[in-house]
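What follows is the residue order along each chain.
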Amino acid sequence: MLTDKIDELLKEVSALSAKNAEDVEQLRLKYLSKKGEINAIIADFRNVAKEEKRELGIKINELKKAATDKINALREQVETTETASESLDLTRTAYPVDLGTRHPLTLVRNEIIDIFQRMGFTLYNGPEVDDDKHVFTMLNFAADHPARDMQDTFFISQNPNDVTKNVLLRSHTSGDEAHYMETHEPPIRVLCPGRVYRNEAISARAHCFFHQVEGLYVDKGVSFTDLKQVLLTFAREMFGADTKIRLRPSFFPFTEPSAEMDISCSICGGKGCYFCKHTGWVEILGCGMVDPHDLAACNIDPEVYTGYAFGMGVERIANLKYGVNDLRLFSENDTRFLEEFQSAY
């Protein structure tokens with residue numbers, strides 16, 4: 001029967017193979033030429049009963065398409081193989097393979113993450129394009145705070161009727177903590193790394209984008225003493241066992257009390273040098289106890305839970321660790337600079 005013949009040819013077509021262009025041409029002649037197998041079936045199709053023609057016509061079209069696709073694929077495969085073999089000279093010396101290296105910021109970020117993960121922090125990556133609600137409002141930023149100005153933040157779109165619906169490039173990863181608290185119940189111990197954006201002039205000390213790692217711990221009975229011990233452990237793991245820290249009072253809208261943390265200069269050992277401006281100390285991060293407003297905004301009862309938060313710039317840590325004195329080097333892709341870190345991992 002014609003149906004059986006079509007099914008048999010479909011199996012044949014699916015199993016076709018070719019070693020060279022001549023084989024492909026022979027297959028084309030056998031199946032797709034005027035005197036080929038498929039045209040022979042089309043000729044027999046004229047004698048099929050009228051009620052069977054629709055179903056058989058569909059099957060013949062499927063067979064023709066399958067054969068055409070298969071032969072075209074074989075032709076492309078053969079041409080690719082022949083081109084590759086023609087360009088490959090097996091007698092010449094092997095091409096040298098230049099191995100790359102991890103970016104210095106990646107090295108530092110991974111080391112920071114590793115230290116805090118060993119202290120029980122989980123990882124969370126939030127959106128780089130976020131809304132005002134999570135970046136500012138839920139974190140206790142005043143309506144007239146300078147960070148909400150165009151001079152400080154890159155806005156994607158603004159809503160004149162509801163500032164919380166403004167869309168922007170996040171200016172810190174603290175907004176990721178708001179996202180996480182909104183969807184998770186305490187105890188919370190999370191680390192939020194990522195790229196952030198601020199509308200600043202690019203110079204050796206500032207850039208319009210940089211990288212942050214922020215941490216958050218919320219539970220019953222969390223105190224400032226817990227925060228200090230975690231940060232001391234981090235500093236000694238990152239910069240050496242002899243590293244000392246000090247906390248200076250500061251202000252952040254989303255923490256109260258707040259502090260800036262300095263470490264003893266890793267270059268002079270705290271004796272004083274050009275890098276630490278002869279003070280013996282270098283600032284590396286900001287921290288504090290989570291403001292009750294932030295907990296309440298995320299539906300966490302501030303009467304039951306307390307927490308601490310901290311945040312640091314990855315570029316700042318990399319500067320201290322590797323002695324890099326120009327932030328622009330991290331984003332200019334100068335291979336002479338990047339190659340200096342080949343042995344750093």
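Residues numbered from 1 in each chain as written. Predicted model: local features only at pLDDT ≥ 70, side-chain atom pairs only at ≥ 80, totals over all residues. Heavy atoms only, no water.

A.B. asks: Explain unusual backbone geometry to me, please; I cannot follow it from the model alone.
C.D. replies: A negative phi angle is the norm for most residues apart from glycine, just as the trans form is the norm for most peptide bonds. Cis geometry marks the peptide bond from P186 to P187; its omega dihedral reads 0°. With respect to the helices and strands, P187 occurs in the loop between α7 (174-183) and β5 (188-197). A cis amide bond links E256 with the next residue in sequence, P257, at an omega value of 0°. If you trace the backbone, P257 turns up in strand β8 (residues 255-264). Despite not being glycine, N140 shows a phi value in the positive range, around 75°. Structurally, N140 is set in the loop between α6 (132-135) and β3 (155-157). On the basis of relative accessibility, which here comes to 29%, the residue N140 falls in the partly exposed class. Not every positive phi belongs to a glycine, and N299 is a case in point at roughly 60°. Relative to the assigned elements, N299 resides in the loop between α9 (292-297) and β10 (306-313). (Helix = DSSP H or I, 4+ residues; strand = E, 2+ residues; numbered from the N terminus. Buried < 20%, exposed > 50% of the residue type's maximum accessible area, 1.4 Å probe, protein only.)

A.B. asks: It is not clear to me how the sheet that holds β3 should be interpreted in this structure. Could you clarify?
C.D. replies: For sheets, the rule is that strands pair by backbone hydrogen bonds, running either parallel or antiparallel. Strand order in the open sheet formed by three strands is β2-β4-β3, and the pairing between neighbours is antiparallel. Of all strands in the sheet, those with a lone pairing partner are β2 (129-131) and β3, marking the two edges. Here the average twist between neighbouring strands, direction ignored, is 35°. Here two bridges tie β3 to strand β4 (residues 167-169), and the two strands are oriented antiparallel to one another. By the bridge assignment, F155 is partnered in β4 with L168. (Pairing = 2+ DSSP bridges. Axes fitted to C-alpha atoms, helices over the stretch in contact; angles between N-to-C directions.)

A.B. asks: Please clarify how the packing of helix α5 (residues 104-117) against helix α8 (residues 224-239) should be interpreted in this entry.
C.D. replies: Helix packing geometry: the angle between the two helix axes and the distance between the axes. The interhelical angle for the contact between α5 and α8, taken along N-to-C directions, is 135°, at an axis separation of 10 Å. When the axes of α5 and α8 are compared, the pair comes out oblique. The chirality of how α5 crosses α8 is right-handed. In contact with V108, E111, I112, I115 and F116 of α5, α8 contributes V230, F234, E237 and M238. Here the residues of the contact of α5 with α8 sort into seven nonpolar, no polar and two charged. (Parallel < 35°, antiparallel > 145°, perpendicular 65-115°, else oblique. Left-handed = near helix turned anticlockwise from the far one by under 90°. Contact = heavy atoms within 4.5 Å. Nonpolar A, V, L, I, M, F, W, Y, C, P; charged D, E, K, R; others polar.)

A.B. asks: Help me out: how do you make sense of the packing of aromatic side chains in this one?
C.D. replies: Each aromatic ring pair is characterised by the separation of its centres together with the angle its planes make. Taken as a whole, this structure holds 13 aromatic pairs when the rule is applied. For the pair F116 and F234, a centre-to-centre distance of 5.0 Å together with 20° between the ring planes defines the contact as stacked. One end of the pair, F116, is in helix α5; the other, F234, is in helix α8, with 118 residues separating them in the sequence. Ring geometry for F121 and F310: centres 6.0 Å apart, planes at 75°, overall edge-to-face. Remark: F310 occurs in strand β10 and F121 occurs in the loop between α5 and β1 (122-123); sequence separation between them is 189 residues. You'll find F121 and F310 in the same group, each marked buried. The side chain of R189 reaches across the aromatic face of F121, ending 5.6 Å from its centre. (Phe/Tyr/Trp six-rings, centres within 6.5 Å; stacked < 30°, edge-to-face > 60°. Lys NZ or Arg CZ within 6 Å of the ring centre and 35° of its normal.)

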